[in-house]
Protein chains: 2
Amino acid sequence: MTDTSPKTDTAHPQLMPAPPEPLFLGYSAFELRSLLPVAACVGFLSLALVVLVIFPMQRTAGREPNATIRAVLSDNLLLLHLRVWPLLAIAALGGGALALADSRRTARALARLEQRLRRVAIGEAEDLPPARGGGFTQFDDVVVSLRFAFERTTRRHRAALQQVQDNLKRVVLRLAEQEVPRVELRKTLGGIVKEVEAVLDSDRKPAGGKMRP
Amino acid sequence: MTDTSPKTDTAHPQLMPAPPEPLFLGYSAFELRSLLPVAACVGFLSLALVVLVIFPMQRTAGREPNATIRAVLSDNLLLLHLRVWPLLAIAALGGGALALADSRRTARALARLEQRLRRVAIGEAEDLPPARGGGFTQFDDVVVSLRFAFERTTRRHRAALQQVQDNLKRVVLRLAEQEVPRVELRKTLGGIVKEVEAVLDSDRKPAGGKMRP
C-alpha cells in the first residue's frame, strides 16, 4: 500500500497539458496565423505603391527634358522613398504586435479552458479561476454544468450504494443477534432490491430534462 | 407516464447554446476585435502619409515660384492622391476580410467545442465531428477523456448496483423457496456489504493515476 504513494506525486499528468509547439520566437502556429491580415495588407500596399506610384513618378522624372524640373521631381521622389518605407515598416510592426498580443490572449484563455476541462476529467474538486484578461466567458457555465453533471451522477450512485450498505449492515447485525422471520427478511431484502432498481431505472431516463433545477 | 413524452421533445435545452450576440453585420464582438490590427495599421498609414508626405509636397508645390514646375508638382501630387487612397482602401478591405474570415473560423471551432462539451454534460452518448476546417485539435483528447471519465465512473457504479441487485434477488428467491440457515445468510449478506464497501472505497482514491490505462 505504501509503495503507491510515489505515484500520487506524479499523478495528474493531464493537469498540465503540454503547451502547443512554438513555431517561431516562442509563438505557436495559431498565434502566428493572426499576422497574416496585417502582412497581406502591408505587402499589398508596398507592391502597389512601387508599381502604381513610385514607378510612374520615376518614369515621368526620367523623361523630363528640363533639368530643373527633373531635379525637383527627383527630390519629390526621394522624399517619398525616405518617408513611405519607414512608415510602412512601423505600420507593419505595430499592426503585427497588436495581432500577436490579441492572439496570445486568445491562446492563453484557450490553454486555461483546456486546463479547467482536464481538471474536471480527472475529478479535481476545485475549479481554476478563468484566465487573466478574461475571454470565452461562454465556457464558464459549460465547465460548471460539466462539474455539476459529474457530481450529480456520482453523488446519486454513491448515496444509493451507501444506503444499500447501511440497510444490509442492519440486517446482518440483527441476524447476528437473533433469528429473523423468513417473511420479514424477504420483505426487507425485497425493499432494498426495489430501491436499487429505482436508481438504475432513473439513469435510463434522459438526463437533459432534469439538468436544470 | 405518457404525458412525460412531450418533455422529451423540448429536452436538451443546452444542446443548442445561444450563438453569441452579433454586434455588427452579424459579427460578434470577438470576431470584430480581429479587425483592430488592420484598422490600426491602415489608419496610422493614412494619417502619417497626410502629415509626412502629402502635406510637405503640397507646401513645396505652393511655394514654387515657377508656374511650369508648380504644375508638374501638382500633377505629381494628384497622381499620389488618385493612387494612394484607393490602394489604402483596398488594403484595408482585403486585410479586414482576411482577419474576419480567420476569426470566424476560430469562432466556429469554439462554438463546436462548446456544443461537444454540452453534449458530454447532458450525457449524450454520441460525440459530434469537429468543426469543418478543423481548429483546436488539442481539445479532441480533452473531450474524449471527459467522456471516458464520465462513463468510467458511471459504469463502475452501475455495475456495482447491478451486482448487488442480482445477489440480493437470488437470496430473496431462496428465502421464498425454503428456510436458509442464519449463518449462511449472514455470510452472504456480509459479502455483499463488503463488495459495496470496496466500490465506495475505490472512489476515494485519486482518479488521476488510474486514468491512463
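Residues numbered from 1 in each chain as written. Chains lettered and ligands numbered in written order. Predicted model: local features only at pLDDT ≥ 70, side-chain atom pairs only at ≥ 80, totals over all residues. Heavy atoms only, no water.

Engineer: Got a minute to help me understand the overall build of chain A in this structure?
Structural biologist: For chain A, the count of helices and strands is 7 helices and 2 strands. Tracing chain A from N to C terminus, the helices and strands come up as α-β-β-α-α-α-α-α-α. Among the 213 residues that make up chain A, the fraction classed as buried is 40%. Sequence separation of 24 or more characterises 64% of the internal contacts of chain A that already satisfy a separation of 6 or more. Within the structure as shown, chain A displays about 12,000 Å² of accessible surface, and the carbon and sulfur contribution to it stands at 62%. (Helix = DSSP H or I, 4+ residues; strand = E, 2+ residues; numbered from the N terminus. Buried < 20%, exposed > 50% of the residue type's maximum accessible area, 1.4 Å probe, protein only. Contact = heavy atoms within 4.5 Å. Areas by Shrake-Rupley, 256 points an atom, 1.4 Å probe, with all protein chains shown as cover.)

Engineer: What is the right way to look at the relation of the copies chain A and chain B in this model?
Structural biologist: Copy one and copy two of the chain differ by a rotation about an axis and a translation along that axis. When chain A is fitted onto chain B, the two copies agree to an RMSD of 0.2 Å after a turn of 180° and an axial shift of 0.0 Å. In short, the pair behaves as if placed about a two-fold rotation axis. Interface residue correspondence from chain A to chain B reaches 100%, placing this contact among same-surface, isologous pairings. (Least-squares fit on C-alpha atoms with pLDDT ≥ 70 in both.)

Engineer: Could you clarify how one ought to interpret the interface of chain A and chain B in this entry?
Structural biologist: Frequently, the measure chosen for interface size is the accessible area removed from exposure when the parts meet. Contact with chain A, which involves 95 residues of that partner, is made by 95 residues of chain B. Interface area, chain A with chain B, both sides summed: about 8,700 Å², of which 74% is carbon and sulfur. Of the charged contacts, one joins D141(A) and R118(B) as a salt bridge, the two residues approaching to 3.2 Å between their closest N and O atoms. Applying the counting rule to chain A against chain B returns 12 residue pairs in polar contact (both at pLDDT 80 or more). Sorting the residues of the side of chain A that touches chain B by element identifies α2 (29-33), α3 (36-63), α4 (67-121), α5 (140-177), α6 (182-204) and α7 (208-211) of chain A as the ones contributing at least two each. Among the residues forming the side of chain A that touches chain B, the class breakdown is 60 nonpolar, 18 polar and 17 charged. (Buried area = accessible area lost by both parts, 1.4 Å probe. Salt bridge = Lys/Arg side-chain N within 4 Å of Asp/Glu carboxyl O. Polar contact = N/O pair within 3.5 Å; in protein donor to acceptor, adjacent residues only side chain to side chain. Nonpolar A, V, L, I, M, F, W, Y, C, P; charged D, E, K, R; others polar.)

Engineer: Just checking my understanding: could you explain the packing of α4(A) against helix α3 (residues 36-63) of chain B for this structure?
Structural biologist: Between two packed helices, both the angle of their axes relative to each other and the distance between the axes serve to describe the pair. Orientation of α4(A) relative to α3(B), taken along the N-to-C sense of each, is 160°, at an axis distance of 9 Å. As judged from the angle between their axes, α4(A) and α3(B) are roughly antiparallel. Considering how the two elements wind past one another, α4(A) and α3(B) form a crossing that is right-handed. In terms of residue class, the contact of α4(A) with α3(B) is built from 22 nonpolar, 2 polar and 1 charged. (Axes fitted to C-alpha atoms, helices over the stretch in contact; angles between N-to-C directions. Parallel < 35°, antiparallel > 145°, perpendicular 65-115°, else oblique. Left-handed = near helix turned anticlockwise from the far one by under 90°.)

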